[in-house]
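Coordinate analysis (summary)
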Amino acid sequence: MKKLQALLIAVLCFTSISIFAQHKINTAFEPAKSHEKYYNTLYVLNEAEDKKIKGILRNINNVLSDPRLEGKLHIEVLAFSDGVEMYKKANSYQELLIALKDKGVIFVQCSKTMDERKIDKKELFDFVNYVPTGNGEIILRQYEGSAIVHP
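Summary of the structure given here. (Residues numbered from 1 in each chain as written. Predicted model: local features only at pLDDT ≥ 70, side-chain atom pairs only at ≥ 80, totals over all residues. Heavy atoms only, no water.)

Take the overall build of the protein chain next. Broken down by element type, the protein chain carries 5 helices and 5 strands. Scanning the protein chain from its N terminus toward the C terminus, one meets helices and strands in the order α-β-α-β-α-β-α-β-α-β. Here the protein chain holds 151 residues, and 30% of them are scored as buried. Taking the intrachain contacts of the protein chain between residues at least 6 apart in sequence as the baseline, contacts between residues at least 24 apart amount to 67%. (Helix = DSSP H or I, 4+ residues; strand = E, 2+ residues; numbered from the N terminus. Buried < 20%, exposed > 50% of the residue type's maximum accessible area, 1.4 Å probe, protein only. Contact = heavy atoms within 4.5 Å.)

See below:
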């Protein structure tokens, strides 16, 4: 009986190894493919550093030129905390922002940040939209299925 069990185990092991050998794992890289009609994306900015702001705007331009996503992206850019600097008229981002706005990008600012820092809406560009809280927007957009990007 023990010899029969050992023989069966050996046959099963050999069969498993031979089946595995026949089905080699494909290790070649293939880029992701676009299968959906559209993709919702929320870019999050909570920093005021010029390099960070220009970087996020460059990243958005880059993704808008990805042929897999062409015509399929809905992009919202959310600023809160120090990120509010991107939308201030006193700073130098208007040209970059308008170019993205013209491509359909939506810009959003956290109202809580505005209240806490006593910033008037007149200080920001007129194309900026407002939400009650930045974190609330992140949570709700994530549950709606948006990709959350925080470069």
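What follows concerns the nonpolar core. Ranked by internal contacts, the top residues of the largest apolar core, which has 25 residues, are I60, V77, M86, Y87, L97 and F107. Elements with a minimum of two residues in this core: β1 (39-45), α2 (50-64), β2 (73-79) and α3 (94-101). No other element matches the 5 residues that α2 contributes to this core. In this view, M86 contacts L45, I53, L57, V77, A79, Y93, L97 and F125; residues no more than four positions away in its chain are not counted. V44, C110, V131 and I138 belong to the second largest nonpolar core, which has 8 residues in total. (Core = buried A, V, L, I, M, F, W, Y, C linked by side-chain atoms within 4.5 Å.)

As summarised here, the arrangement of the 5 strands in space is β4-β3-β2-β1-β5, forming an open sheet in which the pairing is parallel. With one partner strand each, in any of the chains shown, β4 (129-131) and β5 (147-149) form the two edges of the open sheet. Between one strand and the next, the sheet's axes are offset by a mean angle of 30°, whatever the strand orientation. One ladder, built from 4 bridges, connects β2 with strand β3 (residues 106-110); its direction is parallel. Pairing of V77 across the sheet is with F107, part of β3. This element, α2, spans β1 and β2 of the sheet and lies at about 170° to β1. (Pairing = 2+ DSSP bridges. Axes fitted to C-alpha atoms, helices over the stretch in contact; angles between N-to-C directions.)

Quick look at the packing of aromatic side chains now. Counted according to the given criterion, the structure contains 3 aromatic pairs. On the basis of an interplanar angle of 5° and a centroid distance of 5.4 Å, the ring pair of F125 and F127 is categorised as stacked. Both residues of the pair, F125 and F127, belong to the buried class. In textbook terms, an aromatic cluster arises when at least three aromatic residues are bridged by ring pairs, as seen for Y87, F107, F125 and F127. Above the ring of Y130, the side-chain terminus of K121 is found at 4.3 Å from the ring centroid. (Phe/Tyr/Trp six-rings, centres within 6.5 Å; stacked < 30°, edge-to-face > 60°. Lys NZ or Arg CZ within 6 Å of the ring centre and 35° of its normal.)

Among the structural elements, H74 can be located in strand β2. Taking the relative accessible area as the measure of exposure, H74 reaches 36% and is therefore partly exposed. Between the C-alpha atoms of H74 and S146, which are 72 residues apart in sequence, the distance is 9.3 Å. Not counting the four nearest positions on each side in its chain, H74 is found in contact with Y39, N40, T41 and I106.

What follows deals with unusual backbone geometry. Here S81, not a glycine, exhibits a phi torsion of approximately 55°, which is positive. Position of S81 relative to the elements: it lies in the loop between β2 and α3. Its relative accessible area of 26% is what places S81 among the partly exposed residues.

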